[in-house]
Each structure stands twice: as structure tokens, then as C-alpha cells.
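# Chains, contacts and geometry: an overview
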Protein chains: 2
Amino acid sequence: MTYCVAMNLADGLVFVSDSRTNAGIDHIATFRKLFTFGVPGERLIVLQTAGNLATSQSVINLLKQRSADPNLVSLHSVPTLYDATALVAETIREVVARDGAPLAGNTDLTCSFLVGGQIAGSPPDLYSIYPQGNFIQATVDTPFLQLGESKYGKPILDRNLHYATSLEEALRCALVSFDSTIRSNLSVGLPLDLLVYHKDSLILPEGYRVGEDDDYYSDIRKRWASGLQELLGALPAPPTNYNV
Amino acid sequence: MTYCVAMNLADGLVFVSDSRTNAGIDHIATFRKLFTFGVPGERLIVLQTAGNLATSQSVINLLKQRSADPNLVSLHSVPTLYDATALVAETIREVVARDGAPLAGNTDLTCSFLVGGQIAGSPPDLYSIYPQGNFIQATVDTPFLQLGESKYGKPILDRNLHYATSLEEALRCALVSFDSTIRSNLSVGLPLDLLVYHKDSLILPEGYRVGEDDDYYSDIRKRWASGLQELLGALPAPPTNYNV
């Protein structure tokens, strides 16, 4: 399984992905699920993936190969993020059609993508491509999108993330959301790949990989755990009509 | 959908159920999902239900009718909670077999139950019956069991609930778990039915229904929301190597 979150906020974009893949529970590995495309000063496009690893890797490889050829329609040439998302969806369909018969049988070859970024002349934008190939767009009302094991970490985002949230606080909120998911679900695991993009900067940010020994992540995990414990302990006791 | 939690702790048992049922998203209703059986001074058995409402209601009705007949093996006569759970599972199979053909077609008639309580001479006990009819038992290592939309509210239980947690704190933890679930998932809704049983009391507790206007639940929801916001705000900013 997988857990990915992306946010389109007033100040820019935040992306966080885990890196655990599993086929059953005894074939567990680490694969990066966050990929960047772009031209400094002109465009940044970030892809996050979930679902069939063979399909998503092929999609990324084809998108990369084609981006290197200036004669092709590619992520380096499409005029909008909407068109970039449609191109990713088309490439998913192409790979699933190629790999789907006759060998694949009932294997589920589908995958999901988050596509976010900015192309010069337009504001930042963010989409989620479903396994069916259609896609939805993040909005001011719903500024974050998730892939994979999304439920464990959704309450903290529903409660605390808004369009106006600062990038730095949004990143903390995302890290807490990942901590809750990783504690409750074995199929999501470290390291995490994260990337924060400041609106209109049109640079390709370096991003960062959070590993097991990361001091900051360990620190906020501990603070969050002890803070929740204190908060729960400080709630008032139920009244007598609760019959406790 | 449904969300139910039950806990078997050092000091006794805690049960909380929501009451929303839905067939699709446009047929939403309120049905109690927490039921008590028992003989004061001798036994208490609490059932919580999820899944097909027609099946779970039939199971409860048959168990109740049979409990009233002292000549039948029933929840009022079985010697252990283990036997009570096996009897509930057997009754589920009976109803699914009765209602399953020829009219039901592909309708999923299965349901899940949590079965907890205490019978004089044995400690409190707690089981979860799967839709397949087999069942597992809560233990000191894993003292809580959930039914239905369990993921949203699981992190707070994984983090803060232990076998030694007091009944009163466990109830608060359960209410926070329900609040998180209700905020993030429309198919889980108020009122909540809750019941706290003190080990070895062998009384049939009254329980309590938490409605929309419940002052205590509103109060802890507000405190929890503002406490989380403060806690998130108080986390330190990411270091420079995070490239935020």
C-alpha cells in the first residue's frame, strides 16, 4: 500500500509520500513515489504514485523519455497543468493497454497519481487521477488530496488544514498525518519524501528525505504523542448522567 | 456504514456505538446498534452490530426470544462468553441461510458483531465475530476491538489506550475517536450509545445516549479541536535541511 498527500495552498504546494511497497505482506520494499519534472524558471510538475508498481514505473519512464525529446508533446511542453494531468492519464491507459493482455490475467494493473505544480503564466494547480483514468482538481474549499491509505491520517488534515495555512505549518500537519498512519498501518513506512514549492518561484525544489534517524521528525513525533496524551488527560470527566 | 468500539480493560468494559445506517447515501436512518442481555447478579452480555441491518435485527430478535425460554440454550443460559459468542455466530449463520435464497440474489446479508460481558465465575471477556462467522478475542496486548469505519478513529486508540487505562479515560478516548470519525466520514453519525461496565459488578448498567445537544460531548469536542490546533502550532519549525 501507499500513503501520499499533496496540498495546493495560498502560498504554494506541499507534497509528502511514503516509500513502502508490498506484494502481499512478505514482499516489502522501498521505492520512491515522488517524482519531479520541470524547466527552471518556466515550470515545475510533481507526480506522486500509488497502485501497481510496474505500471507506475513504466508511466514515469515513458514520461521522462518523452520529455527529453523536444519534438514530442510531453510534460516539458504541455501548456497547462490540466493538460499535463491529461497526458499522465493517457500514459497510464497506454501502459495498462500494453501490459494488460494476454499475460496479465486478473492482475490489477491500475494505478493512481497526484499531479501538482505550476507553469509560468498560471497559478499552481493540483489534480488526482483515479485508477479509472479520470481526475479531480483540488480547490480552495478542498485544498488537499490523498492517495492510498488515506483514512488514518485524514482527521488531522480535515481539522487543521485550510487554504490559508502556511506552507511550514501545512508540512507539520502532513508529517503528523503520516505519523498517525505509520503507527496504525504496516503497509505505510519510512522513509518519507517531501517537497515544498513556494508559489511563483518557478524553481525545482530539492525536497528532502525523512529517514528513521531524522532528528526533527523524531522530535515532533515525540512531542505530538506526549501532547495528545496530556490533552486527553486534561479533558474533564464525564458527568454523572453518563453512568460511568 | 457504522462505527463501534469495545474495550476489555483491567477495570472493566467500555462500549460505544454510533447509530447511523445507510443504504446508498440517500436512505439514511437512525438505528440503535448496542444491545444488552443479562441477569442481574449473574451475567451481562453486550452486543454491537454492523453490516446488513435486516440480518442483525433478526439475530437480535431471535436471541431475545430464545433468552426468554428457560428450556432453550440461550444467552441467558450459556456458561461462558466464549459459548455466547459461538451462539451469536451460529444465529447469524441461521439467519443468512434462511434469508439468502432464493430471493436475495447478490445482496450481501452478512453482518459483524462485537460480543462483550461477564458471567459470574469468569473474568470479563470480549470477542469480534467476522462476517465469515469465525471470531477473535481481545487480549491484554490488544484490549480494544472495532467494527465498521475503524480507520479514522484508530490512531488515537493505538496511541493512548492500554489495558491499564481507567474506564473513565478510556471512555474519553473512545469519544475522541468517534469525533474524529464523524468529522471525516458522513456514514457515521450521532447519537452515540455508550455503556461502561465495572468488572465484577455483575449489574446491567443503564448506559447513556449522546445526542446532538449533549453538553459534555460538545465541550470535549471543542477542547479537543482547539487543543490539537495549539499542539500543532507549538511544534517546532522544520530545520533548514528540509528545504521548506
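Residues numbered from 1 in each chain as written. Chains lettered and ligands numbered in written order. Predicted model: local features only at pLDDT ≥ 70, side-chain atom pairs only at ≥ 80, totals over all residues. Heavy atoms only, no water.

Turning our eyes to something else, we now look at the side chain of R172 of chain B. Checked against the element boundaries, R172 of chain B lands in helix 4 (residues 167–184). Relative accessible area serves as the criterion here: at 5%, R172 of chain B is assigned to the buried category. There is a polar contact of 2.7 Å between the side chain of R172 of chain B and the backbone oxygen of L232 of chain A. Dropping the residues within four chain positions of it, R172 of chain B is found in contact with L232, G233, A234, L235 and P236 of chain A together with Y216 of chain B. (Helix = DSSP H or I, 4+ residues; strand = E, 2+ residues; numbered from the N terminus. Buried < 20%, exposed > 50% of the residue type's maximum accessible area, 1.4 Å probe, protein only. Polar contact = N/O pair within 3.5 Å; in protein donor to acceptor, adjacent residues only side chain to side chain. Contact = heavy atoms within 4.5 Å.)

Here we come to the packing of aromatic side chains. All names here are of chain A. Tallied over the entire structure, the rule returns 12 aromatic pairs over all chains. The interplanar angle of 65° and the centroid separation of 5.5 Å between the aromatic rings of Y82 and F135 together place this pair among those described as edge-to-face. Pair noted here: Y82 is in helix 2 (residues 81–100) and F135 is in strand 9 (residues 135–137), with a separation of 53 residues, a long-range link. Assessed through its relative accessible area of 45%, Y82 is described here as partly exposed. (Phe/Tyr/Trp six-rings, centres within 6.5 Å; stacked < 30°, edge-to-face > 60°.)

With that out of the way, let us pick up the sheet that holds strand 5 (residues 34–39) of chain A. All names here are of chain A. Sheet architecture is open: 5 strands sit in the order 5-6-7-8-9, paired in antiparallel fashion. The open sheet terminates on both sides in strands that have one partner only, identified here as strand 5 and strand 9. Here the strands of the sheet are splayed against their neighbours by 20° on average, with no regard to which way each runs. With 9 bridges joining them, strand 6 (residues 43–51) and strand 7 (residues 111–119) adopt antiparallel strand pairing. Its bridge partner lying in strand 7, G51 is registered against C111. Sheet strands touched by helix 1 (residues 53–67): strand 5, strand 6 and strand 7. Its angle to strand 5, the strand with the most contacts, is close to 15°. Together, strand 6, strand 7, strand 8 (125–129) and strand 9 form the strand contacts of helix 2, whose direction differs from that of strand 7 by roughly 155°. (Pairing = 2+ DSSP bridges. Axes fitted to C-alpha atoms, helices over the stretch in contact; angles between N-to-C directions.)

Here the focus is the packing of helix 5 (residues 215–234) of chain A against helix 4 of chain B. Direction vectors running N to C along helix 5 of chain A and helix 4 of chain B enclose 110°, while the axes themselves pass 9 Å from each other. Comparing the axis directions of helix 5 of chain A and helix 4 of chain B gives the class roughly perpendicular. Regarding helix 5 of chain A and helix 4 of chain B, the two cross each other, and that crossing is right-handed. The residues of helix 4 of chain B that touch helix 5 of chain A, namely those facing Q229, L232, G233 and A234 of chain A, are E169, R172, C173 and V176 of chain B. The class makeup of the residues in the contact of helix 5 of chain A with helix 4 of chain B is 4 nonpolar, 2 polar and 2 charged. (Parallel < 35°, antiparallel > 145°, perpendicular 65-115°, else oblique. Left-handed = near helix turned anticlockwise from the far one by under 90°. Nonpolar A, V, L, I, M, F, W, Y, C, P; charged D, E, K, R; others polar.)

Turning next to the environment of P191 of chain A. The topology assignment puts P191 of chain A in the loop between helix 4 (167–184) and strand 11 (192–198). It is 6.2 Å that separates the C-alpha atoms of P191 of chain A and D18 of chain A, two residues lying 173 residues apart in sequence.

Once that is clear, we can look at the pairing of strand 7 (residues 111–119) of chain B. Residues and elements named next belong to chain B. The buried count for strand 7 comes to 9 of 9 residues, which makes it a mostly enclosed element. Going residue by residue along strand 7, you find C111, F113, V115, G117 and I119 tucked away on one face and S112, L114, G116 and Q118 tucked away on the opposite face as well. Here strand 7 pairs with strand 8 (residues 125–129) via 5 bridges, running antiparallel. Each residue of the ladder has a partner; that of V115, found in strand 8, is Y127. If you look at the hairpin formed by strand 7 and strand 8, you'll find 5 residues sitting between the two strands, and G121 has a positive phi there, around 100°.

Our focus in this paragraph is helix 1 of chain A. Residue and element names in this part refer to chain A. Here helix 1 contains 15 residues, and its C-alpha end-to-end distance of 21 Å stays within 8% of the 21 Å for a straight helix at 1.5 Å per residue. Regarding helix 1, the residues found buried are T55, S56, S58, V59, I60, L62, L63 and S67. Packing partners of the buried residues in helix 1 comprise strand 5, strand 6, helix 2 and strand 7. A side-chain oxygen of the first residue of helix 1 lies 3.0 Å from the backbone nitrogen of A54; this N-cap is N52. (Expected span 1.5 Å × (residues − 1).)

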